[in-house]
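Chain by chain, the residues run as shown.
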Number of protein chains: 2
Amino acid sequence: MSACVLYHFAFDPGSRTARLALGEAKKAFTETLVRPWEDDCPVAGLNPSGMPPVLRVTEDSRSLTLCEPAAILGWLEDASREPFLMPTDPAERAETRRLVAWFDRRFTDEVNAVLLHERMEKPLLRLGPPEARALRAGREALRSHLAMLEDVLAGRDALSGRRISQADFVAAAHLSVLDYFGEVSWANWPAVKTWYMKLKSRPCFRPLLADRFPGVPPSTWYADLDF
Amino acid sequence: MSACVLYHFAFDPGSRTARLALGEAKKAFTETLVRPWEDDCPVAGLNPSGMPPVLRVTEDSRSLTLCEPAAILGWLEDASREPFLMPTDPAERAETRRLVAWFDRRFTDEVNAVLLHERMEKPLLRLGPPEARALRAGREALRSHLAMLEDVLAGRDALSGRRISQADFVAAAHLSVLDYFGEVSWANWPAVKTWYMKLKSRPCFRPLLADRFPGVPPSTWYADLDF
C-alpha cells in the first residue's frame, strides 16, 4: 500500500499536469498547497529548483521523491501494467514527446512567461497592473499556438494520435490556467474546443474546475462543461 | 535494416545530446548539418519548432521523424532490448527525469540563453561584440550550476546514481559547448572534472571533439582527454 502527497500550486501548469495525470490514473493522493515564491515554501527542501509539483510516495517503509512533471508522469507510466499515457505506436510516442517538449519550452516561454506573468504573477507578487503591450504580445503568441493546435487536431482525435496521451494533459493543463483568466477565445478554434470539452468532462478535471484565484473570479465558462 | 539521418547543428546542446546518445547506442547515422537561423533550413519542414535535432529513421519502407532530443532519447530507449540510458531503480529514474528537465529549462534559461548568446549567437548572426555585463551574469549562473553538479557528484559516480543515464549525456552536451568557448573552469570543480573526463573518453564523444566553430578556435584543453 502506498501513500502519496502532492505539493502543488493550483495555477501552475506543471502542477495541474500532475493533478490531471494522478486523477486519470485513479491514484489517491493528499494535497499540500504551496506558494513557491515564499521563503518558507516546503518545496524548497524537496526540489532543488524550488518549484512544484513534487510528489512524495511512501511505500512500505521506503519513500520516493518525484520532482517536476516529467518524473511524475514517468513514474505513473512505469507503475502501470498497461500503457497509460504513452501510446504504443513509435510515431505516436515520438509525437507525444515532441509536443510535451513544445509546451515545456515554446508555450512556456512565449505565452506563459508573458500572459501568466501579467495576469497571475503580478497580482500575487504585487508588481503592479498588467501592461497593455505585454498583454497584446502574449495574446498574439497564444493565438499562434492555438492555430498550431487547431491544425494538429483537425486530423486527429487526440494531440498525438488516436488515444489520449501525456501531450493532451500537458496541453490542457496549460490552457486551463489561461482559460481561468478568460484568455482563450474558444469560438475561433472549433477543433481545439471540441478536444478541450472532452478532456474537461473527464473526472480528473473536476478538482481543477473548483480552483479559485484570490481576488479574480474565473471566466464565466471556466467550469462549464458545455461552454 | 534501418537508415538514420540526423539533422543537427554542431554547437547546439540538444543536437549534441542526440549525437552522443546515437554514438553510445552504436547506431550508424548520416549527418545533415543545418543552420537553424537561415530561411532555407531543411529542419523547418520537419520540426514545427524549426529546431534541430531531428532524426529521420527509414525502416523497410516506413519512415519515422523524431523531433527534439526527448523523442530521440525515448526512441533509443524503446528500441533497446535492455535498459540503455534509463536506470531501472525508481529513484534513479526520477532523478534522471528531474535532471534532464533541469538542463532543458534552468540551465538553458540561466546559462545558455546568456553565455551562448554572447559567445556563439552574436558572431553567427553578426549582432556585435559580447557585452561584459551579460558575460559576467552568465558566468556567475554557470558557477552556481557547476556547484550544484559538484554537490551531486560528490556522492555518486554518475549524475543520477550508479550508472550513466540520459542525465549525464544531456549535462555533458551542454557543458561541452561551453567548454569549447573556454567557459568552464574545471580546476574549481574536481568531482565534475573527473566525471566529465570519463564521459569525454568514451568513443561517442570523439566526433564532438573534432567540431570547429568558424573563426573561434577551441579552448586549448577542449579535445584533450587528460586535461
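Each value, and the rule that gives it
- Residues numbered from 1 in each chain as written.
- Chains lettered and ligands numbered in written order.
- Predicted model: local features only at pLDDT ≥ 70, side-chain atom pairs only at ≥ 80, totals over all residues.
- Heavy atoms only, no water.
- Helix = DSSP H or I, 4+ residues; strand = E, 2+ residues; numbered from the N terminus.
- Expected span 1.5 Å × (residues − 1).
- Buried < 20%, exposed > 50% of the residue type's maximum accessible area, 1.4 Å probe, protein only.
- Contact = heavy atoms within 4.5 Å.
- Domains from an automatic or database assignment.
- Buried area = accessible area lost by both parts, 1.4 Å probe.
- Salt bridge = Lys/Arg side-chain N within 4 Å of Asp/Glu carboxyl O.
- Polar contact = N/O pair within 3.5 Å; in protein donor to acceptor, adjacent residues only side chain to side chain.
- Nonpolar A, V, L, I, M, F, W, Y, C, P; charged D, E, K, R; others polar.
- Axes fitted to C-alpha atoms, helices over the stretch in contact; angles between N-to-C directions.
- Parallel < 35°, antiparallel > 145°, perpendicular 65-115°, else oblique.

**Student:** How do you make sense of helix H4 (residues 132-154) of chain B when you look at a structure like this?
**Tutor:** The α-helix winds at 3.6 residues per turn, so residues separated by three or four positions along the chain end up facing the same way. All names here are of chain B. Look at H4: 32 Å from first C-alpha to last across 23 residues, which is about the 33 Å you get at 1.5 Å a residue. Taken residue by residue, H4 has Ala134, Leu135, Gly138, Ala141, Leu142, His145, Leu146, Met148, Leu149, Glu150, Val152 and Leu153 as its buried positions. Looking at the buried residues of H4, the elements they touch are helix H3 (90-125), helix H5 (166-180) and helix H6 (190-200).

**Student:** Explain the domain arrangement of chain A here, please?
**Tutor:** One frequently used descriptor of interface size is the decrease in accessible area upon assembly of the parts. All names here are of chain A. Annotation of chain A at the domain level lists domain 1 (2-79) and domain 2 (90-209). Computed over C-alpha atoms only, the centres of domain 1 and domain 2 are separated by 21 Å. Between domain 1 and domain 2, the residue contacts involve 12 residues of the former and 19 residues of the latter. Between domain 1 and domain 2, roughly 1,600 Å² of surface is buried when both sides are summed, and carbon and sulfur atoms account for 72% of that area. Of all residues in domain 1, Phe11, Arg16 and Leu20 bury the most surface against domain 2, accounting for 41% of the area lost on that side. Our count for the domain 1 to domain 2 interface comes out at 1 salt bridge. In this assembly, domain 1 and domain 2 are joined by 2 residue pairs in polar contact (both at pLDDT 80 or more). Among the secondary structure elements, those contributing two or more residues to the side of domain 1 that touches domain 2 are helix H1 (13-24) and helix H2 (69-79). In terms of residue count, the dominant contributor to the side of domain 1 that touches domain 2 is H1 (7 residues). Looking at side-chain class alone, the side of domain 1 that touches domain 2 contains 6 nonpolar, 2 polar and 4 charged residues.

**Student:** Is there a simple way to think about the interface of chain B and chain A in this case?
**Tutor:** Each side of the interface is counted separately: chain B has 29 residues, and chain A has 29 residues. When chain B packs against chain A, close to 2,000 Å² is buried across both sides, 59% of that on carbon and sulfur atoms. When the buried surface of chain B facing chain A is broken down by residue, Arg97, Arg98 and Arg105 of chain B rank first, second and third, together holding 26% of it. The interface formed by chain B and chain A contains 6 salt bridges.

**Student:** What am I meant to see in the packing of H5 of chain B against H6 of chain B here?
**Tutor:** Helix-helix packing: each pair is described by the crossing angle between the helix axes and the interaxial distance. All names here are of chain B. Where H5 contacts H6, the axes come no closer than 11 Å and their chain directions differ by 95 degrees. By the criterion of interaxial angle, the relationship of H5 to H6 is roughly perpendicular. Residues Asp168, Phe169, Ala171, Ala172, Leu175, Ser176 and Asp179 of H5 touch H6, and the partners they reach there are Val192, Trp195, Tyr196, Leu199 and Lys200.

**Student:** I'm lost on the environment of Asp157 of chain A in this one. Help?
**Tutor:** All names here are of chain A. Here Asp157 is to be found in the loop between helix H4 (132-154) and helix H5 (166-180). With a relative accessible area of 54%, Asp157 lands in the exposed category. Here the alpha-carbon distance between Asp157 and Leu85, two residues 72 residues apart in the chain, equals 15 Å. Apart from the residues lying within four places of it in its own chain, the contact partners of Asp157 are Arg162, Trp195 and Lys198.

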